[in-house]
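Survey of secondary and tertiary structure
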Amino acid sequence: MALDLSRNHFELFGLPARFDVPQARIDGAYREIQAQVHPDRFAHAGEAERRVSMQWAARVNEAYQTLKSPLKRAVYLLELQGMDVGAERNTAMPAEFLMEQMEWREAVEEAEASRSVDALEALHARLRGEMRAQYAELGRLIDEVRDFEAATGLVRKLMFMEKLQSEIGDALAALEDD
Amino acid sequence: MALLQIAEPGQSTAPHQHRLAVGIDLGTTNSLVATVRNGVAVVLNDADGHALLPSVVRYAPDGSVAVGYAAQAEAARDPKNTIVSVKRFMGRGLKDIAHAESAPYDFVDAPGMVRLRTVAGVKSPVEVSAEILRTLRLRAEAALGGPLVGAVVTVPAYFDDAQRQATKDAAQLAGLNVLRLLNEPTAAAIAYGLDNAAEGVYAVYDLGGGTFDLSILRLSKGVFEVLATSGDAALGGDDFDQRLFCWIVEQARLAPLSPEDARLLLAKAREAKEQLTTHAETRVTATLTSGEVVDVVVTQQQFWDMTRHLVQKTLAPTRKALRDAGLAPEEVKGVVMVGGATRMPNVQQAVAEFFKQTPLNNLDPDKVVALGAAMQANVLAGNRTADDDWLLLDVIPLSLGLETMGGLVEKIIPRNSTIPIAKAQDFTTFKDGQTAMSLHVVQGERELVSDCRSLARFELRGIPPMAAGAARIRVTFQVDADGLLSVSARESTTGVQASVTVKPSYGLADEDITRMLKESFEHAREDMHARALREQQVEAARVIEAVESALAQDGDLLNEQETATIRALIEELRAALPEPADHRALKRLIDKVAKGTEEFAARRMDRSIKRALAGKKIEQL
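Residues numbered from 1 in each chain as written. Chains lettered and ligands numbered in written order. Predicted model: local features only at pLDDT ≥ 70, side-chain atom pairs only at ≥ 80, totals over all residues. Heavy atoms only, no water.

**Describing the nonpolar core**
The criterion, for reference: Only buried residues count toward a nonpolar core, which is a set of Ala, Val, Leu, Ile, Met, Phe, Trp, Tyr and Cys residues joined through side-chain atoms within 4.5 Å. For each residue, the accessible area found with a 1.4 Å probe, counting protein chains only, is set against the maximum for its type, and the residue is called buried under 20%, exposed over 50%, and partly exposed in between. The contact definition used throughout considers only heavy atoms, calling two residues in contact when any of these lie within 4.5 Å.
Counting residues in hydrophobic clusters, the biggest one holds 58 residues, and the most contacted among them are Phe 13, Leu 138 and Ile 142 of chain A. Ignoring anything within four residues of it in the chain, the contact list for Leu 138 of chain A reads Phe 19, Ala 74, Ala 151, Leu 154, Val 155 and Leu 158 of chain A. Core analysis: the next-biggest nonpolar cluster, separate from the first, contains 46 residues, Leu 244, Leu 265, Leu 276 and Leu 322 of chain B among them.

**Overview of helix H2 (residues 125-144) of chain B**
All names here are of chain B. The cut-off we apply is this: For the purposes of this entry, the term helix denotes a DSSP run of H or I that reaches at least four residues, the term strand denotes a run of E that reaches at least two, and both are numbered from the N terminus. To estimate how far a helix should reach, multiply one less than its number of residues by 1.5 Å. Any pair of nitrogen or oxygen atoms within 3.5 Å is treated as a polar contact; in protein, a donor-acceptor pairing is required on top of that, and neighbouring residues in sequence qualify only through side-chain atoms on both sides.
With 20 residues, H2 should reach 28 Å at 1.5 Å per residue; the first-to-last C-alpha distance of 28 Å fits that figure. The buried fraction of H2 amounts to 16 of the 20 residues, a majority that puts the element mostly inside the structure. For H2, the side-chain oxygen to backbone nitrogen distance between the N-cap and Val 126 is 2.9 Å, and the N-cap itself is Ser 124. Directly after H2, the chain includes Gly 145, whose backbone phi takes a positive value near 75°.

**Regarding the sheet that holds strand E13 (residues 200-207) of chain B**
Residues and elements named next belong to chain B. For clarity, the cut-off: Only when DSSP finds a minimum of two bridges between them are two strands counted as paired. Orientation is described by lines fitted to C-alpha atoms, with helices fitted over the stretch in contact, and by angles between N-to-C directions that extend from 0 to 180 degrees.
Read from one edge to the other, the open sheet built from five strands follows the order E18-E13-E14-E15-E19, with strand pairing classed as mixed. Here the strands that pair on one side only, and so sit at the sheet edges, are strand E18 (334-338) and strand E19 (391-393). On average, each strand axis in the sheet is inclined to that of its neighbour by 25°, with strand direction left out of account. Pairing of E13 with E18, which is carried by five bridges, proceeds in the parallel orientation.

**Details of a negative patch on the surface**
All names here are of chain A. Rules: Each patch is built from salt-bridge-free residues with over 30% relative accessible area, joining like charges within 9 Å and nonpolar side chains (Val, Leu, Ile, Met, Phe, Trp, Tyr) within 5 Å. Surface exposure here means Shrake-Rupley accessible area, sampled with a 1.4 Å probe, where a residue is shielded only by the protein chains that are shown. One side-chain nitrogen of Lys or Arg within 4 Å of one carboxyl oxygen of Asp or Glu is enough to make a salt bridge. In this charge count, Lys and Arg are treated as positive and Asp and Glu as negative; neither His nor the chain ends contribute. In this description, the location of a charge corresponds to atom NZ of lysine, CZ of arginine, CG of aspartate or CD of glutamate.
Residues Glu 96, Glu 100, Glu 103, Glu 106, Glu 109, Glu 110, Glu 112 and Glu 130 make up a contiguous surface patch of negative charge. Structurally, Glu 130 can be placed in helix H6 (residues 117-145). For Glu 130, a relative accessible area of 31% corresponds to the partly exposed category.

**What about the packing of aromatic side chains?**
Applied cut-off: Any pair of Phe, Tyr and Trp rings, taking the six-membered ring for Trp, is counted once the centres come within 6.5 Å. Such a pair is stacked with planes under 30 degrees apart, edge-to-face with planes over 60 apart, and tilted for the rest.
Enumeration over the complete set of coordinates arrives at eleven aromatic pairs over all chains. Where Phe 13 of chain A meets Tyr 30 of chain A, the ring centres are 6.5 Å apart and the plane angle is 25°; that geometry is what we call stacked. Residue Phe 13 of chain A is found in helix H1 (residues 9-13), and its partner Tyr 30 of chain A is found in helix H2 (residues 23-37); the two are separated by 17 residues along the sequence. Tyr 30 of chain A matches Phe 13 of chain A in its accessibility class, with the two residues each being buried. Ring centres of Phe 89 of chain B and Tyr 105 of chain B lie 5.9 Å apart, and the angle between their planes is 85°; this geometry places the pair in the edge-to-face category. Of the two residues, Phe 89 of chain B sits in the loop between strand E7 (82-84) and strand E8 (106-108) while Tyr 105 of chain B sits in the loop between E7 and E8, which places them 16 residues apart along the sequence. Taken as a pair, Phe 89 of chain B and Tyr 105 of chain B share a single burial class, namely buried. In textbook terms, an aromatic cluster arises when at least three aromatic residues are bridged by ring pairs, as seen for Phe 13, Tyr 30 and Tyr 64 of chain A.

**Quick word on the domain arrangement of chain A**
Selection criterion: Domain boundaries shown here were taken from an automatic or database domain assignment.
For chain A, the assigned domains read domain 1 (9-68) and domain 2 (95-177). A straight line from the C-alpha centre of domain 1 of chain A to that of domain 2 of chain A covers 31 Å.

**A look at the pairing of strand E26 (residues 485-491) of chain B**
Residues and elements named next belong to chain B. Counted residue by residue, E26 has five buried out of seven residues, so it is predominantly covered. Across seven bridges, strand E25 (residues 473-479) lies against E26 in antiparallel orientation. Residue pairing in the sheet places Gln 478 in a bridge with Ser 486 of E26. The antiparallel hairpin formed by E25 and E26 contains five residues in its connecting segment, where Gly 483 sits at a positive phi of about 80°.

**Focus: the pattern of salt bridges**
All names here are of chain B. Taken as a whole, this structure holds 51 salt bridges over all chains when the rule is applied. Ionic pairing is found between Glu 539 and Arg 542, a salt bridge with its closest N-O pair at 2.7 Å. One end of the pair, Glu 539, and the other, Arg 542, are both in helix H12 (residues 528-554), three residues apart, so they sit about a helical turn from each other. A relative accessible area of 23% means that Glu 539 is categorised as partly exposed. Across the pair Arg 574 and Glu 571 runs a salt bridge whose closest N-O atoms are separated by 3.2 Å. Here the residue Arg 574 and the residue Glu 571 both occupy positions in helix H13 (residues 560-576), the gap between them amounting to three residues, near one helical turn. For Glu 571, a relative accessible area of 41% puts it in the partly exposed group. Residues participating in the shared-partner salt-bridge network are Arg 88, Asp 238, Asp 239, Asp 241, Arg 270 and Lys 273.

**Focus on helix H4 (residues 70-80) of chain A**
What H4 of chain A keeps buried is the set Leu 71, Arg 73, Ala 74, Val 75, Tyr 76, Leu 77 and Leu 78 of chain A. Just downstream of H4 of chain A lies Gly 82 of chain A, where phi reads positive at about 85°.

**Observations concerning the interface of chain A and chain B**
Note the threshold: Buried area: the accessible area, evaluated with a 1.4 Å probe, that two parts lose upon being put together, summed over both parts.
Contacts between the two partners involve 44 residues from chain A, matched on the other side by 54 residues from chain B. Interface area for chain A against chain B, summed over the two sides, is near 4400 Å², with a carbon-plus-sulfur share of 55%. The tally of links between chain A and chain B comes to five salt bridges. One can count 13 residue pairs in polar contact (both at pLDDT 80 or more) joining chain A with chain B. Those elements that provide at least two residues to the side of chain A that touches chain B are H1, H2, helix H3 (47-68) and helix H7 (148-177) of chain A.

**A few points about the sheet that holds E7 of chain B**
Residue and element names in this part refer to chain B. On the basis of which strands lie adjacent, the open sheet formed by three strands has the order E6-E5-E7 and antiparallel pairing. With one partner strand each, in any of the chains shown, strand E6 (65-67) and E7 form the two edges of the open sheet. When strand polarity is set aside, the average angle formed by the axes of neighbouring strands in this sheet is 15°. Of the strand pairs in this sheet, strand E5 (residues 56-59) and E6 are connected by three bridges, and their pairing is antiparallel. Bridging across to E6, Tyr 59 finds its partner in Val 65. The strands touched by H2 within the sheet are E5, E6 and E7, with E5 carrying the most contacts at an inclination of about 110°.

Below, the structure written as structure tokens:
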């Protein structure tokens, strides 16, 4: 089968293997390729082509899911560099960072307990701002300095922050639905 | 984008030949069939000029089956054998059906899907739906003057795997080649988007007879990308009728009703609901079988008050879909209204208030889904022209997962994932020496298995005995472009591999389908073998045409030997085509061609991707 699984997501999309890739280029490449391989293009074709098309379309969707998310993209890039990002095997985080995280969580719990949408939204916005700065730094570490050790450490921190962010989102949703 | 034509086998050899394809909206209360004629999507009417076919099927004692208006006319007289709103039973067990006790049917509980006992025997909802689809197929074939190449059949976006599979089975039973199952709101978005050259984020609010869907789509340069979908597979206009019906019963202080009287009053309630769309009040009158006369006046305001909770019930999925898409109501550029139930002014008002804008009503809410499905069918059948260059990216509505220890669900594919999608997850054994593993596939958002829908159970046997936790069982979920799931599993630590593929089964096994097909053909006095043979002949001709077209376009991807092998395969098929031994022999030859051209298909795909990327770089320079 010419379904070449050895090509990495960046190669598949014809993009440079960098963290800093404009979202529009990722979206554009995704649509160009999906337009070629999507099963809708092969609905009237033979069985072999329909099967190949589905495998390709699934593969392209998988690549897009990874590339469009900054965190998943960073993890993927670091894995391509042979780094082991796996959070469960290496969770020793700096004490200072863990303290910060605990403070964040306390603030979220407090806002949840007082059912304050405003407080949760403020936390959400503040965290988003912090993450944006961290992602900029991550881009610098990966693309320019090429310090993959430091980048891996930062990715682990960002995993914590993304999780916290989605928990704030869930808390907001729960309040809205009541 | 001329490059797109590379991926269009079959088009170049016979561009003049229009393939007959239709879009079918299989609705809870009404169904429609539409096609694209001279580049314009049109609904096909019946001989009396009706566009809508009431989704009503009546089984008569003499063995005849009536569908549509004729069946509807008998509904009150023969409620037990006249099945209305059968869509509510598709892929559903008895315990899933709301108000089953007050429905006039003789339900038969069966594993997976409920059945209905009628004078013509026990019927599955799939068989009943197939009657509706067959009627529409015959209508279309009469109008278009030939057999159909295929059909796009629409389903509510929020339908789960069991309901989708049941719909596809029904279409096949009705003799339709299903080109695609298409989500109803997505079909509506195609019709609306193409008609209005719409760009930006749109919401489709689709309140049908029995189902509610809310989809958020981004329309951009010919790409229809579903960002999120949500809904309620058991909420629709029927519930408004039911509520008004209960109110009338209370007001008139009626004793428990016979099934005949209940049907009659329910029909009256529906008429009153429709009246209240444009009138401030209406009068409901009916004479019951006892001779008792019902005479009640209901005002618009009363009706709105008694159904307020139903309208509110649509807003929770609306909020959820927006949240999943990461959008605020204000970021939605337009709200397309679909489904007859959206004609109710109170629904219009609630949607306007929620989105802070006037909803879009410029397409007929009863027809827009069928029209969109027809447009997609036209393209999928291979009638694509340069103007039809759009791409649909749809999602699955509900998460798919596996049961793990303690009755918990491990999600494998999250809801709103773009399809097609394949995902694998590794599991391991729990006990030393464990040689088998039972897998339970579920669908839903809850964490407990008992709160999700069970899709399939299967066992993986022949795992080599190892210490607990040493085996590695990789389970792969694959969802195709119809939104249908297949699951496979294999153990791969020791090189010994056990592998099994299941199609989730909720009721209908392949033998059931075969039996029903046989019965339906006997019923129609058609020779099943003749039909199967005809189908295989059409398929064989299509395959030959597709491979020849591919050879003409991309023959240079093959060496002489490979070309000769493929040519020999199609010649063998061509030779057998005029007088094949039977349909199975022809199918074997078609399969042989499929297998022999797999590598070629893969290389062509590779080339078209490379060209797409090359084209992209040039654009960027």
